[in-house]
Each structure stands twice: as structure tokens, then as C-alpha cells.
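If you want the building blocks of each chain, they are given just below.
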Amino acid sequence: MIGKGNITKGEKNMVLMNGSDYIELDSVGSTLTSDLMVFPTDCSEVPETTSDVEEMMGVHIYDVDDEWFNSLSSDDLTDFFEFIELNSDVITTVYKAWKDGIWGDWENVNNCYMNLEVI
């Protein structure tokens, strides 16, 4: 189980950041926190527009678009759902239906079919 501090899963780091666990999803250049917020991994540039500022503030996973999910690598997809299920309380009927939809769409777009159970 993922706890506080540095956790290594393969080459993935799931670590404590400002009071929240997070996972880096390199295939989409993003960081997901246990608060279910997605942030860009590279925040080194100063935002130039209001849109850039809003992006730096993060977005909730339920507000991320399909293109982002479909761009996840297969490893990041399974790590993404495993991280959510180990670090939050979203295991409900609504979450499972959302997960089934994301997973199914990802499989169709990427022409890659995997076992839905990640834990």
C-alpha cells in the first residue's frame, strides 16, 4: 500500500509533496495528487495568459478531457487507477462506471486491450 514518503513502483515515484501523495505520469507530462488534482509536471515557465495561470492551478480528474486519458501509456493508465484506488475514497458505483468508460475508450483508441483489474 502506498503510504507517506518515497514509494517506488518499478521506475515510478509516488511521494509526499506538501502534505499530499502524488504520482508523476510522464506519458502526459502531468502529476496527479491524492486530492485527485492534475498539474503539469514542468512548472518552470512563468504563465503568460489567464489560461496558463488556470492550468498551473490544476484540474480535477473528472474535468480532464478524453485526449489526456487516451494519451496515457499503458503503464501510466494502470498506475493512474491503482494510485486513485489506494489513495482516495472514490470506490463507488459512479467511479467504477467512470473508470470502465475511460478504460474502454483508451483500449479502443490505442488498439490495446488489458485486464481492467489493476489491484
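About the thresholds
- Residues numbered from 1 in each chain as written.
- Predicted model: local features only at pLDDT ≥ 70, side-chain atom pairs only at ≥ 80, totals over all residues.
- Heavy atoms only, no water.
- pLDDT = per-residue confidence, 0-100.
- Helix = DSSP H or I, 4+ residues; strand = E, 2+ residues; numbered from the N terminus.
- Contact = heavy atoms within 4.5 Å.
- Phe/Tyr/Trp six-rings, centres within 6.5 Å; stacked < 30°, edge-to-face > 60°.
- Buried < 20%, exposed > 50% of the residue type's maximum accessible area, 1.4 Å probe, protein only.
- Pairing = 2+ DSSP bridges.
- Expected span 1.5 Å × (residues − 1).
- Arc of directions from axis to C-beta.

Quick word on the confidence of the model for the protein chain
Mean pLDDT over the protein chain stands at 78; residues scoring 70 or higher make up 69%. The secondary-structure element of the protein chain with the lowest mean pLDDT is strand β1 (residues 7-9), recorded at 44, while helix α2 (residues 66-70) shows the highest, at 96. Ignoring residues within four places in sequence, the model shows residues 1-20, a span with pLDDT below 50, making 43 contacts including any to other chains.

Considerations on the packing of aromatic side chains
For the structure shown, the criterion picks out 10 aromatic pairs. Considering the side-chain rings of Y62 and W98, the 4.8 Å spacing of their centres and the 70° angle between planes classify their relative orientation as edge-to-face. On the criterion of sequence distance, the pair formed by Y62 in the loop between β6 (59-60) and α2 and W98 in helix α4 (residues 93-110) is long-range, its members being 36 residues apart. On the basis of relative accessibility, which here comes to 37%, the residue Y62 falls in the partly exposed class. An aromatic cluster of three or more residues is present, and its members are Y62, W68, F69, F80, F81, Y95, W98 and W103.

Some points on the pairing of strand β5 (residues 37-40)
Of the two faces of β5, only one is covered, namely that formed by V38 and P40; the face formed by M37 and F39 stays uncovered. Pairing of strand β4 (residues 30-33) with β5 involves 3 bridges; the strand directions are antiparallel. Bridging across to β5, L32 finds its partner in V38. In textbook terms, the turn of a hairpin is the stretch between consecutive antiparallel strands, and for β4 and β5 this stretch comprises 3 residues, one of which, L36, has a positive phi near 65°. As paired elements, β5 and β6 share 2 bridges and run antiparallel to each other. In the strand pairing of β6, M37 is matched with H60.

Concerning α4
Look at α4: 26 Å from first C-alpha to last across 18 residues, which is about the 26 Å you get at 1.5 Å a residue. For α4, every residue scored as buried is listed here: Y95, W98, K99, I102, W103, W106 and E107. Relative to the axis of α4, the buried residues are bounded by an arc of 160° and lie together on one face. Turned more than 90 degrees off the buried face of α4, the exposed positions are T93, V94 and N108. As for α4, its buried residues are in contact with α2 and α3 (74-87). N111 sits one or two positions beyond α4 and adopts a positive phi of about 50°.

Here we look at the environment of Y62
Each C-alpha atom, one on Y62 and one on W98, is 8.7 Å from the other, the two residues being 36 residues apart in sequence. Setting aside anything within four residues of it in sequence, one finds Y62 in contact with V90, Y95 and W98.

With respect to α3
Here α3 contains 14 residues, and its C-alpha end-to-end distance of 20 Å stays within 8% of the 20 Å for a straight helix at 1.5 Å per residue. Taking burial as the measure, the 14 residues of α3 include 11 buried ones, the bulk of the element. Here α3 has its buried residues at D76, L77, T78, D79, F80, F81, E82, F83, I84, E85 and N87.

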